[in-house]
Structures are given as C-alpha cells and as structure tokens.
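# Structural overview
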Amino acid sequence: MHRKIYTSTYGQFMAFFYDSHVFIGGKEYPIGQCGIDVVNLEEAVLSELDQRVNTFIPAALALLEEKTNIAAALAQEKLNAVWDIVFSLPTYRDLKTDEECNYHAFQRLVADKEKWVQVQDPASEGYAMYQGLLASLVCFVDNPQRFCKQIAGTAERYLEPLGRRNCDAYADAYSHLYTTMIRISARLGEDFDQSFPMQVDFVPMMHPNEKDRFFIAGKGESYSGAERI
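Being a predicted model, the structure only gives us computed values, none of them experimental.

How each quantity is defined
- Residues numbered from 1 in each chain as written.
- Predicted model: local features only at pLDDT ≥ 70, side-chain atom pairs only at ≥ 80, totals over all residues.
- Heavy atoms only, no water.
- Helix = DSSP H or I, 4+ residues; strand = E, 2+ residues; numbered from the N terminus.
- Areas by Shrake-Rupley, 256 points an atom, 1.4 Å probe, with all protein chains shown as cover.
- Phe/Tyr/Trp six-rings, centres within 6.5 Å; stacked < 30°, edge-to-face > 60°.
- pLDDT = per-residue confidence, 0-100.
- Contact = heavy atoms within 4.5 Å.
- Patch = residues over 30% accessible without salt bridge, like charges linked within 9 Å, V, L, I, M, F, W, Y side chains within 5 Å.
- Salt bridge = Lys/Arg side-chain N within 4 Å of Asp/Glu carboxyl O.
- Buried < 20%, exposed > 50% of the residue type's maximum accessible area, 1.4 Å probe, protein only.

Before going further, it helps to spend a moment on the overall build of the chain. Scanning the chain from terminus to terminus reveals nine helices and five strands. Listed by position from the N terminus, the elements making up the chain come as β-β-β-α-α-α-α-α-α-α-α-α-β-β. Summed over its atoms, the accessible surface of the chain is roughly 14200 Å², and 55% of this surface lies on carbon and sulfur atoms.

To continue, consider the packing of aromatic side chains. The tally for this structure, following the rule as stated, stands at six aromatic pairs. A ring pair is formed by Phe106 and Tyr130, whose centres lie 6.0 Å apart and whose planes are at 70°; its orientation type is edge-to-face. With Phe106 in helix α5 (residues 105-111) and Tyr130 in helix α7 (residues 125-140), the pair connects residues that are 24 residues apart, well separated along the chain. Among the aromatic residues, those joined into a ring-pair cluster are Phe56, Phe106 and Tyr130.

Time to look at the confidence of the model for the chain. Taken residue by residue, the chain gives an average pLDDT of 82. The fraction at 70 or more is 87%. When mean pLDDT is compared element by element in the chain, helix α3 (residues 69-86) scores highest at 95, while strand β5 (residues 214-223) scores lowest at 67. Low pLDDT (under 50) marks residues 1-8, which in the prediction has 18 contacts with non-local residues, meaning those over four places away or in another chain.

Once that is clear, we can look at the environment of Val38. Tracing the sequence through the fold places Val38 in helix α1 (residues 33-39). Between the C-alpha atom of Val38 and that of Leu89, which follows or precedes it by 51 residues, the distance is 8.3 Å. Sequence-distant contacts of Val38, that is, excluding residues within four places in its chain, are made with Pro144, Phe147 and Cys148.

Before going further, it helps to spend a moment on a nonpolar patch on the surface. Together, Val39, Phe147 and Ile151 line one region of the surface with nonpolar side chains, adding up to about 210 Å² of accessible area. Structurally, the position occupied by Ile151 is in helix α8 (residues 142-159). Ile151 gets classed as partly exposed once you look at its relative accessible area, which sits at 38%.

Structural data, given as structure tokens:
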C-alpha cells in the first residue's frame with residue numbers, strides 16, 4: 001500500500017561544512033556566523049513573530065471545526081504573515097524553500113481529500129502532523145530567545161573569566177558548564193542533553209565562489225520535528 005510521505009519545508013535544514021566555513025543555500029559563511037546572526041536579532045522582530053503565531057493558531061484550529069474553504073483561506077492568510085517573518089530571518093532567507101507549498105498549504109490540504117480526511121482523524125498520522133506543525137510554531141520564538149540567554153549566561157560565567165583564549169581553555173570552560181547543567185538537571189529530575197538529530201554525509205562539492213575548485217564537504221541535515229501537512 002502506498003503511503004503518503006509528509007515532509008517539512010521550514011523545519012528541515014541542509015548545510016555543507018568545510019574547514020572553517022558553512023555553505024547554506026549556495027552562500028558561504030564563517031563557522032559560527034549563523035549563531036551570531038541569531039544573537040543579534042532585535043527583540044521587536046521576535047515579538048512580532050510571536051504575535052503573528054498566536055493569531056494563526058486559533059485560525060488553524062477553527063479550520064478543523066468549520067471545514068470550509070473560507071476557514072482555510074483565513075488560516076492561510078494568518079500563516080503567510082508568519083512565513084513573511086520566518087523566511088526573512090538569518091539562515092532561513094538563504095534556504096531554498098518551497099514557497100508554493102508553504103504559502104498555499106491549507107488550500108492544498110483541503111483540496112487533497114485523502115489528506116484532509118486524515119487531518120480530521122485524531123488517530124491518524126495526518127492529524128499528528130497537523131498538530132505538530134502548530135506546536136512547533138508555538139515554540140519557534142522561544143528557541144532563539146532561549147539560545148540568546150544561554151549564550152549570554154555562558155559568556156558571562158564561563159568564558160569572560162578565562163585567562164587564556166585558546167581551544168584548551170574553551171574546552172575546559174565547557175566541561176565546567178556541562179558538569180553544572182548535569183547537576184542542576186538531576187536536582188530538577190530532568191535529563192540534560194545537548195544532542196541534536198542530524199544525518200551527516202560526505203559529498204563532493206564545487207566551491208560557490210571559486211570556479212573549477214572542488215572539495216569534500218560534510219552535508220548535515222537536521223530535523224526539527226515539524227511536519228508539512
């Protein structure tokens with residue numbers, strides 16, 4: 001039996017790593033640049049994104065209740081307002097995204113009878129995917145905010161006091177941070193984990209800026225858990 005495959009268009013990432021550089025969407029950046037860009041995001045941008053997500057969620061839930069083309073169009077309008085910000089953010093603006101799918105997701109969903117039936121069935125995979133999309137967007141703003149706080153706290157408590165600035169000193173500082181987080185998490189009855197789901201392959205790649213230059217790059221694909229409906 002043929003099974004429809006649900007894939008994400010904004011929660012999946014592919015990047016190529018070589019030496020001290022990362023290539024995203026054909027553009028080359030120094031390692032760490034993406035993190036710096038996130039840290040430098042203005043709070044007003046994240047606040048506006050949070051507000052748009054909070055406006056979208058009720059419209060998406062209403063679609064399941066009303067089951068009309070009008071409700072689908074309204075949910076899509078609210079979602080598109082979210083995408084307008086998301087796809088202008090660092091890294092996202094360089095990714096090759098399926099705009100046709102993202103900006104017409106709900107109309108396509110309602111038009112696909114098989115998927116539309118699944119999304120309305122709480123026991124189906126389609127329903128889980130739908131709810132997963134909503135949940136991932138709710139958490140979307142929290143992630144960069146949490147990241148910025150973690151970076152600020154790590155720099156203040158573990159990096160700024162260092163007497164040396166080299167790999168060994170940074171590794172030692174991270175070991176203290178890691179030990180502290182393990183201890184705090186244990187007290188709270190939680191598991192501290194800094195692993196991320198990622199698949200890495202090694203592939204030949206042509207340098208985007210230097211003609212006829214090839215090299216072996218690590219291709220990393222990361223999945224956020226958000227699924228396309």
